[in-house]
Every structure is written in C-alpha cells, then in structure tokens.
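# Fold and geometry: a report
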Amino acid sequence: MTRHLISTVATESRCPRCRAATLTALDDGIPARVNATPLPDRQAEITALLDGRLTYVLTTNRHLLHRDGSRIAANTLRGTVHAEHKCTGPTQLTFDDLIGNQ
C-alpha cells in the first residue's frame, strides 16, 4: 500500500499568542507556520536559519515547501521565501487566547 503525505494550500491566519500575521499549511503532512511577510533577501534567510528557524517558499499555487540545503543551493523553486514563525508573545496561552477575546 502506497502512502501519500498531504500538502495543503497556505491560509492566512494570526498567531494565537502574539497576533502576528502568519501563513499556515501542511507540507508533506508536517504543519508549517511562517511569517506572512516574505524575507527581503538571502542574508535574511541565513539569519533566520542561524536563529534555528526553517525557511519555506510560498509557491505560485500557494503551497509552502520547506527549503532544505539542496533546495536552497539549487534555487529553482519560484515564489517568495518565508521564515518559520517564532512567537514573540507569552509562552503560555491564556483563556482569552483560547476563546478569541482580545
């Protein structure tokens, strides 16, 4: 039996902790949450990677694809590059976060 891992179209959302604009999707079955604002250049991607955040390309068909070393080196995927979201909000959700009151 062959198993296929699902990838979904990225949807716009907000981080429940810090309320930052994000994009969320499944990339080969793995949840991805990235900052909605694309990285401006290669140096910003290097900085994100050194900070321990993964990077993804948002393709023209709105899928998030993880940029591993070979994809970064090949640079053949077209789209904008986004860093994994690193929340700057509280480390624990509050009751208001869970029910959506802000």
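Residues numbered from 1 in each chain as written. Predicted model: local features only at pLDDT ≥ 70, side-chain atom pairs only at ≥ 80, totals over all residues. Heavy atoms only, no water.

The next thing to look at is the overall build of the protein. Regarding its fold elements, the protein presents 3 helices and 6 strands. Walking the protein from its N terminus toward its C terminus, one meets helices and strands in the order β-β-β-α-β-β-α-β-α. Buried positions account for 26% of the 102 residues belonging to the protein. Considering only intrachain contacts with a sequence separation of at least 6, the fraction spanning at least 24 residues in the protein is 48%. Carbon and sulfur atoms provide 54% of the accessible area of the protein, an area that totals close to 6900 Å². (Helix = DSSP H or I, 4+ residues; strand = E, 2+ residues; numbered from the N terminus. Buried < 20%, exposed > 50% of the residue type's maximum accessible area, 1.4 Å probe, protein only. Contact = heavy atoms within 4.5 Å. Areas by Shrake-Rupley, 256 points an atom, 1.4 Å probe, with all protein chains shown as cover.)

Pairing in this open sheet of 3 strands is antiparallel, and the strands run β5-β4-β6 from one edge to the other. Two strands lie at the open edges of the sheet, namely β5 (64-66) and β6 (80-83), each paired on one side alone. In this sheet, adjacent strand axes meet at a mean angle of 35 degrees when their direction is disregarded. As paired strands, strand β4 (residues 55-58) and β6 are joined by 4 bridges and run antiparallel to one another. Counted as the bridge partner of Thr55 is Ala83 from β6. (Pairing = 2+ DSSP bridges. Axes fitted to C-alpha atoms, helices over the stretch in contact; angles between N-to-C directions.)

Below, the discussion takes up the side chain of His63. Its location among the elements puts His63 in the loop between β4 and β5. From its side chain, His63 meets the backbone oxygen of Thr8 in a polar contact 3.3 Å long. Residues within four places of His63 in sequence aside, it is in contact with Ser7, Thr8, Val9, Val57 and Leu58. (Polar contact = N/O pair within 3.5 Å; in protein donor to acceptor, adjacent residues only side chain to side chain.)

On the basis of which strands lie adjacent, the open sheet formed by 3 strands has the order β1-β2-β3 and antiparallel pairing. In this open sheet, the two strands that pair with only one neighbour each are β1 (11-14) and β3 (30-35). Adjacent strand axes in the sheet meet at a mean angle of 35 degrees when their direction is disregarded.

Our focus in this paragraph is helix α1 (residues 42-50). Taken together, the buried positions of α1 are occupied by Ala44, Glu45 and Ala48. Looking straight down α1, one finds that the buried residues subtend no more than 100 degrees of arc, so they occupy a single side. Of the residues in α1, the exposed ones pointing more than 90 degrees away from the buried face are Gln43 and Leu50. Residues of α1 that are buried make contact with β4, α2 (69-74) and β6. A side-chain oxygen of the first residue of α1 lies 3.3 Å from the backbone nitrogen of Gln43; this N-cap is Asp41. (Arc of directions from axis to C-beta.)

Turning our attention to the environment of Leu58. Summarising the element assignment, Leu58 is placed in strand β4. For Leu58, a relative accessible area of 11% puts it in the buried group. Filtering out sequence-adjacent residues up to four positions away, Leu58 remains in contact with Ala10, Leu23, His63, Leu64, Arg78, Gly79, Thr80 and His82.

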